[in-house]
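Secondary and tertiary structure notes
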Amino acid sequence: MLTTHQAWEKLQADPTFQEWKKANPKSYLYVFFTVLNETTSWEVGFFNPKEQTAASFLVGETVEYTHENSKIFKPNDQKVHALELKKIKIGMEEALNVVEAVCREKYAKETPAKKIIILQHLKKPTWNITYLTTALNVLNVKINASNGMVLEDSLVSALAFNQAKQKAG
């Protein structure tokens, strides 16, 4: 699988992306997303602050424009920060190693069934890694992408997560 930096370089060189970027100069990089075991591609997202919309490209063996001007779901007072790749010092593999260490130490009984990887800027550049486990739990670990320190970790039952979502909706 491509690293985020390799995916970024491949995207930058793509003629479709170059044309899109010319037409959308105010949009900025805000997220890398992938689901391990299902894909070998990164979904790379760009945010348009004026329109409050996002566009994305799927970057793998090829580059594909996938979403145009989609509304993103966020609280009105939440800012979507630009993701600055030069601040990313910890790669995905290193971040996954940190998550595995957290799992061994705190959540040894949990076995991941699916791994969702997000690189974004929350309060700082962050690897936001979620494991859906075979015990139907949601394990989330946020890691500082500049230094590899664990920012937070949590384990929640997927069933409780769904119930809370239904109450909120």
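Please refer to the structure higher up on the page.
Residues numbered from 1 in each chain as written. Predicted model: local features only at pLDDT ≥ 70, side-chain atom pairs only at ≥ 80, totals over all residues. Heavy atoms only, no water.

1. A closer look at the sheet that holds strand β8 (residues 150–157)
The following threshold applies: Think of it this way: DSSP has to see at least two bridges between two strands before they count as a pair. Numbering goes from the N terminus for both helices and strands, where a helix is a DSSP run of H or I of at least four residues and a strand is a run of E of at least two. Each axis is a line fitted through C-alpha atoms, taken for helices only over the stretch in contact, and angles between the N-to-C directions span 0 to 180 degrees.
One open sheet accounts for 8 strands, arranged β4-β3-β2-β1-β5-β6-β7-β8; its pairing is antiparallel. If you trace the sheet from one side to the other, it starts and ends with β4 (63–71) and β8, each paired once. In this sheet, neighbouring strand axes are inclined to one another by 15° on average, regardless of whether the strands run parallel or antiparallel. Bridging between strand β5 (residues 112–121) and strand β6 (residues 125–133) involves 9 bridges; their strand directions are antiparallel.

2. Some remarks on helix α3 (residues 92–106)
Rules: In a helix, the anticipated span is given by 1.5 Å times the number of residues less one. The classification of residues rests on relative accessible area computed with a 1.4 Å probe and restricted to protein chains. Under 20% of the type maximum is buried, over 50% is exposed, and intermediate values are partly exposed. Our arc is simply the arc of the directions from the helix axis toward the C-beta atoms. Any two residues whose heavy atoms approach within 4.5 Å at even a single point are treated as in contact.
With 15 residues, α3 extends 21 Å between its outermost C-alpha atoms, agreeing within 8% with the 21 Å of an ideal straight helix rising 1.5 Å per residue. Of all the positions in α3, only M92, A95, L96, V99, V102 and C103 are classed as buried. Along the axis of α3, the buried residues cluster in a sector spanning 115°; they form a single face. Turned more than 90 degrees away from the buried face of α3 sit E93, N97, R104 and E105, all of them exposed. Buried residues in α3 make contact with β1 (28–36), β2 (42–48), β5, β6, β7 (137–144) and β8.

3. A look at the pattern of salt bridges
Side chains bearing opposite charge may pair, as long as their charged atoms lie close to each other. To keep things clear, this is the line we draw: By definition here, a salt bridge exists when the distance from a side-chain nitrogen of Lys or Arg to a carboxyl oxygen of Asp or Glu is within 4 Å.
Counted according to the given criterion, the structure contains 6 salt bridges. Across the pair K115 and E100 runs a salt bridge, and its minimum N-O distance is 3.7 Å. In this pair, K115 is assigned in strand β5 and E100 in helix α3, connecting sequence segments 15 residues apart. Given a relative accessible area of 27%, E100 falls into the partly exposed group. Members of the salt-bridge network, linked through shared partners, are E84, K86 and K87.

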